[in-house]
Amino acid sequence: MSRSNSFFFLMLVSMMTFAGVLFVYPGSPYASFMPWKLGLDLVGGTYLVYEVDMSAIDSSDRSTVMNGLRDVIEKRVNLFGVSEPRITVSQAKDGYRLNVELAGIKDVKEAIKQIGETPFLVFSEIAADSKGEPVKDKDGQLLFKTTELTGRYVKRAQLVYDNVSNLPQVSLEFNSEGGDIFERVTGRNVGKPVAIFLDGNIISAPRVTEKIIGGKAQITGDFTLDEAKKLVERFNAGALPAPIKLVNQQTVSATLGQDSLQKTIKAGIWGTLAIALFMILYYHVSGLFAAVALFIYVVLALSVFKLFVTMTLAGIAGFILSIGMAVDANILIFERFKEELKKGASKLMALEQGFKRAWPSIRDSNLTTILTTLILYNLTSGFVKGFALTLLFGVLISMFTAITVTRNLLRVFIK
């Protein structure tokens, strides 16, 4: 890349950095367009851990049931107006668990009461008056009444495909008692819809084409694959006996969260300044360029975090750790640069050779960190996920600033 190209590249990065400052700086009028997404440890709230009883569920169905339970509980949490609720699934030695983070919630007792109920599935038919005519509400919508058929009679729900069209369908299988009830319900509703409610919300309303005997049925429709999978998960969550029990509750006050946030921000600022000062004192002009690249890294990383990440204390810790790691690449490059100068190479040649020879070490060290963050993110839950995610983004962005920004700064200003 020529010096003029490097100059235009730096101009582009400078504009991105300026926009990033306006986006993340709290005092900027543009920062209010998209507020920061903060976790419960920063704004206060409650952290709940539920243990799921899987003793009555086949091992092959447990993953589906957990996903369905998580979906239902997330809908329940949203009823309380919780900002950015996080519901994750974890598996410990003693069984499956649901981790619920309720940031900023006020009525904790009522939330626990609602969340603690096992999802309930019920089949309903159209309500009729004394003349047998369908009953509608004031908006003209059909009203349904519950039947004796509930989720406890459903043996299993599965995703299947039509033999002709290959479209996804939902297959239902009832136990012997449920099959008899299902036969009666479909027999008196031929040509009418039978609505299926989960937690009081309708999830499907298939039309009965004939009386169904044998306790097996298929729900057809214009489903996408994801919609059919979601429907199967909701059926199994409401149908299979998977009670949940609250085993741990932690409450974080908003005052404690804000105090921790202020201390963490101060630690991050002082740490960044200390790193920049060390680079300037040890590497002089080159270190000054590294400090500029570090500032650009901080702004770009914070912009990405504000867009995609719910920040927690653990996530901020991952970000601060990535700040220290952001100058690792510069140190390797500058040391190689000094070695090339000692061999008698010109500054420009030493610069190019320094970057070229340092790259394998930079690549391998960052790759191991990236692999570690991916393992942490996929095999852990809660706060560790936030730490892994911010560290992953931080490493990727630091590779960009350390390799490209510092390199182009030196290309433009080195004599």
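A brief report on the enclosed structure follows. (Residues numbered from 1 in each chain as written. Predicted model: local features only at pLDDT ≥ 70, side-chain atom pairs only at ≥ 80, totals over all residues. Heavy atoms only, no water.)

Scanning the protein from N- to C-terminus turns up twelve helices and eleven strands. Viewed in the frame of its principal axes, the protein has a C-alpha envelope of about 100 × 55 × 45 Å. Counting the 415 residues in the protein, one finds 45% classified as buried. The contacts of the protein with a sequence gap of at least 6 include a subset with a gap of at least 24, amounting to 72%. As presented, the protein carries roughly 22,100 Å² of accessible surface, and 59% of it is formed by carbon and sulfur atoms. (Helix = DSSP H or I, 4+ residues; strand = E, 2+ residues; numbered from the N terminus. Buried < 20%, exposed > 50% of the residue type's maximum accessible area, 1.4 Å probe, protein only. Contact = heavy atoms within 4.5 Å. Areas by Shrake-Rupley, 256 points an atom, 1.4 Å probe, with all protein chains shown as cover.)

On to the packing of aromatic side chains, then. Inspection of the entire model under this criterion finds 13 aromatic pairs. Centre to centre, the rings of F278 and Y282 are 5.7 Å apart; their planes meet at 20 degrees, and the pair counts as stacked. One end of the pair, F278, and the other, Y282, are both in helix α7 (residues 254-283), four residues apart, so they sit about a helical turn from each other. Judged by relative accessible area, which is 45%, Y282 ranks as partly exposed. (Phe/Tyr/Trp six-rings, centres within 6.5 Å; stacked < 30°, edge-to-face > 60°.)

The antiparallel open sheet is built from three strands, whose spatial order is β6-β7-β10. Each end of this open sheet is capped by a strand with a single partner; those strands are β6 (154-161) and β10 (216-219). Ignoring strand direction, the axes of neighbouring strands in this sheet form an average angle of 25 degrees. (Pairing = 2+ DSSP bridges. Axes fitted to C-alpha atoms, helices over the stretch in contact; angles between N-to-C directions.)

Function-wise, these values are silent; they only describe arrangement.
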